[in-house]
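Now for the letters of each chain:
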Amino acid sequence: MEINARQEKNATVITVQGRIDAVTAPEFENYLSNLIAKGDRNFIVNLGALEYISSAGLRSILATAKRLKAEQGDIRFSGLQGPVEEVFKISGFYSIFKIFESDASALDNA
Amino acid sequence: MEALSKIRVPAKLDHLHALIDIVSNCAKEQGLSGKRINEIEIATEEALVNIFRYAYQGREGDVEISCMAEHGRTFIVRIVDAGTPFNPLSVSEPDTTLDIGERQIGGVGVFLIRKLMDNVMYGREGDNNILELVVNIEA
């Protein structure tokens, strides 16, 4: 798994590559936790290059979203495709989160 | 039915990637699509992580995983542990319609197994939990 962050005008855009599984999910959650601790509140997570996500990954996303909700923050997703999109749909994450085709459209709706 | 591949290791998260790789290679050899292999990997991870976390309740124990193909029609991942009796099929489904605030963290793993696999079978034989994840091989 590889995570990168860039700062846009009204959001932090995170890109995740590789796999979020039971081994790597804590690292993903910690990465976002550190950014929240530094004061970031609005996130766009681009999953276009993510090959795999299991329930451990969903759990880390949900925990982060709950924390952001309590801090009046927001988390949106872009670039969902393939198996990751399928897992989002099955688990109901597709309807509980704000999903956009691209970072640009997610930023427009920030 | 003869196993195409079989391995027995301590039931610890450290072994997850090695176990997933074995199952994945097995599925690849059977000609399953990338999409199906991904689904098999997820279901296998969910089943294994449950065993790592709950089966032995602090005690040491092993997990054995094997893959099999039946008449070229079905691909089966068989997972055996000697932990506390646990039938994943008895877990109630999470409410996937709740919003972020109300949504519960647990229960999604077993739900993914059931949704992604064509069939799931659980049995208790002696001291062992035996879980079989089954996918149909498309001609």
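Residues numbered from 1 in each chain as written. Chains lettered and ligands numbered in written order. Predicted model: local features only at pLDDT ≥ 70, side-chain atom pairs only at ≥ 80, totals over all residues.

Secondary structure summary: chain B contains 3 helices and 5 strands in total. Listed N to C, the secondary structure of chain B is β-α-α-β-β-α-β-β in terms of helices and strands. The C-alpha atoms of chain B give a radius of gyration of 15 Å, which matches the 14 Å a tight globule of 139 residues would have. Dimensions of chain B, computed from the C-alpha atoms along their principal axes, are close to 45 × 35 × 25 Å. Taken across its 139 residues, chain B has 35% of its residues classed as buried. Long-range contacts, defined here as pairs at least 24 residues apart, represent 66% of the contacts in chain B between residues at least 6 apart. (Helix = DSSP H or I, 4+ residues; strand = E, 2+ residues; numbered from the N terminus. Rg over C-alpha atoms; globule rule 2.2 N^0.38 Å. Buried ≥ 20, exposed ≤ 12 C-beta atoms within 10 Å, placed from the backbone. Contact = placed C-beta atoms within 7 Å.)

Strand pairing in a sheet is mediated by backbone hydrogen bonds. Such pairs are either parallel or antiparallel. Residue and element names in this part refer to chain B. Strand order in the open sheet made by the 5 strands is S1-S2-S3-S5-S4, with antiparallel pairing throughout. A strand with exactly one partner marks an edge of an open sheet, and here the two such strands are strand S1 (5-10) and strand S4 (119-125). Put simply, the sheet's adjacent strands are angled 15 degrees from each other on average, direction ignored. Looking at chain direction, strand S3 (residues 74-81) and strand S5 (residues 128-136) are connected through 8 bridges and run antiparallel. For Thr74, the partnering residue across the bridge sits in S5 and is Asn136. With respect to the sheet, helix H2 (residues 34-55) is in contact with strand S2 (62-70), S3 and S5, its orientation differing from that of S5 by roughly 170 degrees. (Pairing = 2+ DSSP bridges. Axes fitted to C-alpha atoms, helices over the stretch in contact; angles between N-to-C directions.)

Residue and element names in this part refer to chain B. The interhelical angle for the contact between H2 and helix H3 (residues 108-116), taken along N-to-C directions, is 145 degrees, at an axis separation of 9 Å. Classified by chirality, the crossing of H3 by H2 is left-handed. Only Gly109, Val110, Leu112, Ile113 and Leu116 of H3 make contact with H2, whose side of the interface consists of Glu39, Ile42, Ala43, Glu46, Ala47, Val49 and Asn50. (Left-handed = near helix turned anticlockwise from the far one by under 90°.)

Moving on, we come to the interface of chain A and chain B. Bring the parts together and some accessible area is lost; that lost area is often taken as the interface size. If you look at the interface, chain A gives 20 residues, while chain B gives 22 residues. Breaking the side of chain A that touches chain B down by element, the ones donating at least two residues are helix H2 (55-70) and helix H3 (82-91) of chain A. Here the residues of the side of chain A that touches chain B sort into 12 nonpolar, 4 polar and 4 charged. (Nonpolar A, V, L, I, M, F, W, Y, C, P; charged D, E, K, R; others polar.)

This part is about helix H1 (residues 25-37) of chain A. Residue and element names in this part refer to chain A. With 13 residues, H1 extends 18 Å from end C-alpha to end C-alpha; this agrees with the ideal 18 Å at 1.5 Å per step. When H1 is considered as a whole, its buried residues turn out to be Ala25, Phe28, Glu29 and Leu32. Seen end-on, H1 carries its buried residues on one side only, within an arc spanning 95 degrees. With respect to the buried face of H1, the exposed residues turned more than 90 degrees away are Glu27, Asn30, Asn34 and Ala37. Buried residues along H1 sit against strand S1 (2-7), strand S2 (12-20) and H2. Positioned one or two residues after H1, Gly39 has a phi angle of 115 degrees, which is positive. (Expected span 1.5 Å × (residues − 1). Arc of directions from axis to C-beta.)

Right, let's talk about H3(A) for a bit. Among all positions of H3(A), only A:Pro83, A:Val84, A:Glu86, A:Val87, A:Phe88 and A:Ser91 are buried. Lining the buried residues of H3(A) we find strand S4 (50-53), H2 and helix H4 (93-96) of chain A together with H2 and H3 of chain B. A:Gly92 occupies a position one or two residues after H3(A) and carries a positive phi of about 90 degrees.

Helix-helix packing is characterised by the crossing angle of the two axes and by the distance between the axes. All names here are of chain A. Contact geometry for H1 and H2: axes closest at 8 Å, N-to-C directions at 15 degrees. When the interaxial angle is binned, H1 and H2 end up roughly parallel. Relative to H2, H1 is oriented so that their crossing is right-handed. In this structure, H1 contributes Ala25, Phe28, Glu29, Leu32 and Ile36 to the contact, and H2 contributes Ala56, Gly57, Arg59, Ser60, Ala63, Thr64, Arg67 and Leu68. In the contact of H1 with H2, the residues fall into 7 nonpolar, 3 polar and 3 charged. (Parallel < 35°, antiparallel > 145°, perpendicular 65-115°, else oblique.)

This part covers the nonpolar core. Residues and elements named next belong to chain B. Grouped together as the largest cluster of nonpolar side chains are 63 residues, with contacts concentrated most on Val23, Ala43 and Leu133. It is H2 that provides the largest number of residues to this core, a total of 9 residues. For Leu133, the residues in contact, after removing those within four places along its chain, are Ile40, Ala43, Thr44, Ala47, Ile76, Val77, Ile113, Met117 and Val120. (Core = buried A, V, L, I, M, F, W, Y, C linked by C-beta atoms within 7 Å.)

All names here are of chain B. Residue position: Gly126 is located in the loop between S4 and S5. The class of Gly126 is exposed, set by 6 C-beta atoms lying within 10 Å. Measuring from C-alpha to C-alpha, the distance between Gly126 and Ala82 comes to 8.8 Å, with 44 residues separating the pair along the chain.

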